[in-house]
Amino acid sequence: MYKSLYSSHDRIYNFEELNFPTEGVEFKLNNLGDARLGDRLARRTYIAFNMVSSVDGKATTYEGKLTGLGSRPDRLLMKRLRSQFDAVLAGGTTLRQDAFIPTVPPELLAERQKNFSQPQPLGIVITNSGKLPSEHRFWDAGKDLRVALIGEETTVESWLEQKAQIFRFPTKEHQIDLRQVLAMLFEKLGIKRLLVEGGPALNYSLISQGLADELFLTVSPHIVGGIDNMTVIGGSGYGLGGNDLPSLQLRSLYHHESELFLRYQFQR
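Residues numbered from 1 in each chain as written. Predicted model: local features only at pLDDT ≥ 70, side-chain atom pairs only at ≥ 80, totals over all residues. Heavy atoms only, no water.

What to know about the sheet that holds strand β7 (residues 165-169)
Moving on, step 1. Ordered by their spatial adjacency, nine strands build an open sheet running β7-β6-β5-β4-β10-β3-β11-β13-β12, and the pairing between neighbours is mixed. If you trace the sheet from one side to the other, it starts and ends with β7 and β12 (248-256), each paired once. For this sheet, the mean inter-axis angle between neighbouring strands, taken without regard to orientation, is 20°.
Moving on, step 2. When β12 meets strand β13 (residues 259-266), the two strands line up antiparallel, connected through eight bridges. (Pairing = 2+ DSSP bridges. Helix = DSSP H or I, 4+ residues; strand = E, 2+ residues; numbered from the N terminus. Axes fitted to C-alpha atoms, helices over the stretch in contact; angles between N-to-C directions.)

See below:
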């Protein structure tokens with residue numbers, strides 16, 4: 001579906017347009033050379049990213065903060081997207097820097113409950129360091145609605161066991177094996193649709209490994225600049241490198257005044 005305009009910023013996407021697959025995506029589980037896993041195929045969650053950036057590609061503004069880019073229509077879109085996913089995932093840095101609370105507002109609950117038994121999506125944080133803020137509203141939802149994904153050898157403070165369900169995974173060069181994470185979310189927790197809300201390092205890790213299906217990108221009509229400001233997707237050196245740059249197909253384009261709302265499909 002391709003649309004170049006929309007008239008009501010309260011309805012950037014209707015719920016029929018956000019009819020995401022629920023059967024999962026087949027992929028090769030072993031990415032760390034683990035002989036125990038062999039070349040076994042598994043199924044993972046369907047993954048979409050939702051990000052906002054300035055025209056020059058920056059995801060942060062003043063002093064590296066995450067504020068100043070998203071408009072009211074963008075915030076409404078974020079809430080509508082959350083209402084159509086089983087779970088919302090963010091990295092530890094996002095939780096440390098942002099008031100990340102993946103909740104669905106009351107006005108969207110009726111639509112959500114047509115497809116989901118739980119009124120709220122599961123909130124998930126992934127951390128390689130184990131350093132998470134204990135005083136954060138993210139934890140207020142309670143242990144049943146919060147999950148922390150950490151490395152096998154990562155040390156975490158005792159308070160986290162009271163705030164979230166904890167799952168540990170193998171690591172390579174201090175990075176969690178995302179393929180095992182996604183297989184577990186699909187097979188054990190029944191998460192068929194996963195919304196990723198950053199940050200740039202997490203986005204890079206997933207996309208560079210081919211673990212991406214859709215990207216919702218809001219282009220805010222601002223210029224930020226600044227070499228220290230983060231971009232939507234991180235990565236060291238020259239990033240993805242090589243000639244195998246991910247190819248994306250534009251599925252839809254909306255705009256409200258000078259703000260663009262892009263929806264891309266990753267090509268396999």
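Here's the deal with the nonpolar core
Moving on, step 1. Membership of the largest hydrophobic core comes to 38 residues, with the highest contact counts inside it found for Phe-49, Ile-124, Leu-149 and Leu-194.
Moving on, step 2. Examining the composition of this core, we find that six residues originate from one element, helix α5 (residues 178-187), more than from any other.
Moving on, step 3. Counting 28 residues, the second largest nonpolar core, distinct from the first, contains Phe-20, Leu-81, Val-156 and Phe-261. (Core = buried A, V, L, I, M, F, W, Y, C linked by side-chain atoms within 4.5 Å. Buried < 20%, exposed > 50% of the residue type's maximum accessible area, 1.4 Å probe, protein only.)

Notes on the pattern of salt bridges
Moving on, step 1. Tallied over the entire structure, the rule returns seven salt bridges.
Moving on, step 2. Asp-86 is the salt-bridge partner of Arg-193, the closest N and O atoms lying 3.6 Å from each other. Here Arg-193 is found in strand β10 (residues 193-196), whereas its partner Asp-86 is found in the loop between α1 (72-82) and β4 (87-91), with 107 residues between them in sequence.
Moving on, step 3. On the basis of relative accessible area, Arg-193 is assigned to the buried category, the value being 9%.
Moving on, step 4. Among the charged side chains, a network of salt bridges with common partners joins Arg-44, Asp-213 and Arg-268. (Salt bridge = Lys/Arg side-chain N within 4 Å of Asp/Glu carboxyl O.)

Some details on the environment of Leu-194
Moving on, step 1. In this structure, Leu-194 sits in strand β10.
Moving on, step 2. The spacing of Leu-194 and Pro-121 is 73 residues in sequence and 9.4 Å in space, taken between C-alpha atoms.
Moving on, step 3. For Leu-194, the residues in contact, after removing those within four places along its chain, are Thr-45, Tyr-46, Ile-47, Ala-48, Phe-85, Ala-87, Val-88, Leu-89, Ile-124, Leu-182 and Leu-185. (Contact = heavy atoms within 4.5 Å.)

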